Amino acid sequence: MAQEGRVLLFGNGEKQINPIHGADLAVAAADAIAKGVDTLRVGGPDTFTHKQLAELAFETLNKEPKISYVWDGIRVMLAALVPWVTPASVSGPVQFFLKAMGMDMVGDSSGSHHLRDHFTETVAAK
C-alpha cells in the first residue's frame, strides 16, 4: 500500500506485531524440537505498532507518510460478513487476516533478520 501512496489501518494503528523472518523461524523451531518443546511463541527481533510499520515502509520508499484510519467496527463487520458472501477458500484467510489485525501479535523476540533491512533490500532491488 505504501508504494501506492497510502496505507489504511484499522482502529488507531496501535496494535503490535513482531514479524519474523522465515530463516529465524526455522532456527527457533528446530531449537524447540530439539528441546522437546511443543508450543513456540516466537517473533522477530523488532516490535512495531501497525502505524510504525506503515511509517517504516514510507520512510524506506522516501515518501511522505499518508495513513488513513478505518473505524475498527468495519473490520469486525467484514469478518462476520465474509463467510456469507465468499467461499471458504477465500473467507478463511480473509477472516484470519481481519482478526489478526485486531490484536497484538507479539512473540518472544528471536532472530537476527530485521524488517528495516528487508524493506531496504527490497527497494534497492527494484
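Before any of the text, the structure's been laid out above.
Residues numbered from 1 in each chain as written. Predicted model: local features only at pLDDT ≥ 70, side-chain atom pairs only at ≥ 80, totals over all residues. Heavy atoms only, no water.

Visitor: Please provide a residue-by-residue account of the packing of helix α2 (residues 50-60) against helix α5 (residues 115-124), values included.
Guide: The axes of two packed helices give the description: the angle between them and the distance between them. Direction vectors running N to C along α2 and α5 enclose 35°, while the axes themselves pass 10 Å from each other. Both α2 and α5 take part in a crossing whose hand is right-handed. Where α2 abuts α5, its residues L53, L56, A57, E59 and T60 lie against L115, R116, F119, T120 and V123. Taken together, the residues that form the contact of α2 with α5 break down as 6 nonpolar, 2 polar and 2 charged. (Axes fitted to C-alpha atoms, helices over the stretch in contact; angles between N-to-C directions. Helix = DSSP H or I, 4+ residues; strand = E, 2+ residues; numbered from the N terminus. Left-handed = near helix turned anticlockwise from the far one by under 90°. Contact = heavy atoms within 4.5 Å. Nonpolar A, V, L, I, M, F, W, Y, C, P; charged D, E, K, R; others polar.)

Visitor: Quick one: what's the story with a nonpolar patch on the surface, residue by residue and with numbers?
Guide: A surface patch of nonpolar side chains, about 820 Å² in accessible area, is lined by W71, I74, M77, L78, L81, W84 and V85. Secondary-structure assignment places M77 in helix α3 (residues 72-85). (Patch = residues over 30% accessible without salt bridge, like charges linked within 9 Å, V, L, I, M, F, W, Y side chains within 5 Å. Areas by Shrake-Rupley, 256 points an atom, 1.4 Å probe, with all protein chains shown as cover. Salt bridge = Lys/Arg side-chain N within 4 Å of Asp/Glu carboxyl O.)

Visitor: Report on the pattern of salt bridges, specifying residues and quantitative values.
Guide: The full count for this structure, using the stated rule, is 3 salt bridges. Two residues, E55 and K51, come together in a salt bridge whose shortest N-O distance is 3.9 Å. With E55 and K51 both in helix α2, this residue pair falls 4 residues apart, about one helical turn. Taking the shortest distance from any N to any O, the salt bridge between D72 and R75 comes out at 2.8 Å. Residue D72 and its partner R75 are located together in helix α3, separated by 3 residues, close to a single helical turn.

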